[in-house]
Amino acid sequence: MSTLSTVGRGSTRSYSAIPGQSGGSPWWRSVKFLVLLVCVALVAIPFLAVLSTSLADTAQINKTGGFVVWPDHPTLDSYRALLGGGLVSRAMLVSVGVTVVGTLVSLSASISLAYGLSRPGSFGQKPILLLLVFSLLFVPGLIPSYLVVKQLGLINSYWSLILPTAVNAFNVIVLRSFFTSLPGELIDAARIDGASEWRILTRIVLPLSKASVAVIGLFYAVSYWNAFFNALIYINQSVKWPLQLVLQTYVVNNAAIGQGQTADPAAALPPTVALQAAILVLSIVPIIVIYPFLQKHLTKGVMIGAVKG
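From a predicted model like this one, the values you see are computed outputs, not experimental measurements.

The rules behind the values
- Residues numbered from 1 in each chain as written.
- Predicted model: local features only at pLDDT ≥ 70, side-chain atom pairs only at ≥ 80, totals over all residues.
- Heavy atoms only, no water.
- Helix = DSSP H or I, 4+ residues; strand = E, 2+ residues; numbered from the N terminus.
- Buried < 20%, exposed > 50% of the residue type's maximum accessible area, 1.4 Å probe, protein only.
- Contact = heavy atoms within 4.5 Å.
- Salt bridge = Lys/Arg side-chain N within 4 Å of Asp/Glu carboxyl O.
- Core = buried A, V, L, I, M, F, W, Y, C linked by side-chain atoms within 4.5 Å.
- 1 Å grid on protein atoms, 1.4 Å probe; cavity = no way out; pocket = protein on both sides within 12 Å on 5 of 7 lines; lining within 4 Å.
- Points joined across faces, edges and corners; volume = space filled by probe spheres on them.
- Nonpolar A, V, L, I, M, F, W, Y, C, P; charged D, E, K, R; others polar.

S.K.: Tell me about the overall build of the protein, residues and numbers included.
M.R.: Across its full length, the protein holds 13 helices and two strands. Burial status across the protein gives 34% buried among its 309 residues. Sequence separation of 24 or more characterises 65% of the internal contacts of the protein that already satisfy a separation of 6 or more.

Next up, the structure:
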């Protein structure tokens, strides 16, 4: 929080950039800075340790007996071993494909449903809206969900990772609330000019809803990228595993990565902790890369509706 100081006759006043709040004394600002610094360190140091361990060589890892804070001789041996063996590289392709296709499917379904529910007098508007709210309160159990997926023939199919979670009721309600807040005069004028509902949605509503759609799209993308439970239940072949299931198997469950799952089966493997750290980094990097491009939309999207004028 920035402050402005004015010097008068023997007095100094401090003004905050936020109206109605003072900047505080230098001591209080120092305390807040130290607290913020500690919070940043608690987040950054573990991530730095994981990244450093994935880049450390075998000798340094064996010397420290675990995580490395800073690599003396950085090497990409762990990444070469993982990406060249087919297990992790194939899992990354599966995760990217499921995330991209799933996000597009979920956005298309959610936007269509939210727009239909936002139009007054739509067919079945109230019953469908009540059904959405009902789904938020009562979540289906594991066995009924598995039986439905099995009856649809989706077992061991990539669609089992997308269709069961394609529509999130909360996201639909958020989009509906924003669509409802758009000026009705714009839509009425478009109808008078002969525009169809599809044209109104694509040419008027969506251009005005970029921030909200970007936020909901980011929520869906992160959800698909981090999901592993559906793959654990519905996918029977390891060649179809997404990256998060590989992460859960070899990092959380501490399963050993075999020689046949790395680049050179005859070569000596890097330490297990280095391979696990490399898998962790590979699972985090895509979201970190995408987030800066959506940050401005995320900030605007979460503030929509927060201030009423």
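S.K.: Quick one: what's the story with the pattern of salt bridges, residue by residue and with numbers?
M.R.: This model, assessed by the stated rule, comprises three salt bridges. Among the ionic pairs, Arg-80 bridges to Asp-77, the shortest N-O distance being 3.1 Å. Of this pair, Arg-80 and Asp-77 both sit in helix 3 (residues 77–85), separated by three residues, roughly a single helical turn. According to the relative accessible area criterion, Asp-77 is partly exposed, its value standing at 40%. With a shortest N-O distance of 2.9 Å, Arg-191 and Glu-197 are connected by a salt bridge. Of the residues examined, Arg-191 reaches a relative accessible area of 35% and is grouped as partly exposed.

S.K.: Before we move on, could you go through helix 12 (residues 243–252) and cite the residues and values that matter?
M.R.: Most of helix 12 sits out of view: eight of its 10 residues are buried. Residues of helix 12 that are buried include every one of Leu-243, Gln-244, Leu-245, Val-246, Leu-247, Gln-248, Thr-249 and Tyr-250, and no others.

S.K.: Hey, could you go over the nonpolar core for me, with residue numbers and the actual values?
M.R.: Note on soluble globular proteins: their nonpolar side chains tend to be buried together. Core analysis: the largest hydrophobic core is formed by 49 residues, its most contacted members being Val-88, Ile-111, Leu-175, Phe-179, Val-205 and Val-246. Per-element tally for this core: the top contributor is helix 4 (residues 87–118), with 11 residues. In this structure, Val-246 is in contact with Leu-87, Val-88, Ala-91, Trp-241 and Val-251, ignoring residues within four places of it in sequence.

S.K.: Go over the layout of surface pockets with me, naming the residues and quoting the values.
M.R.: The calculated volume of the largest pocket comes to roughly 1,100 Å³. Forming the boundary of the largest pocket are 41 residues, of which Pro-140, Leu-163, Pro-164, Thr-165 and Val-167 lie nearest the centre. Mapped onto the lining of the largest pocket, the elements with two or more residues apiece are helix 4, helix 5 (125–137), helix 6 (142–151), helix 7 (169–181), helix 10 (210–226) and helix 11 (229–234). Partitioning the lining of the largest pocket into residue classes produces 31 nonpolar, 10 polar and no charged.

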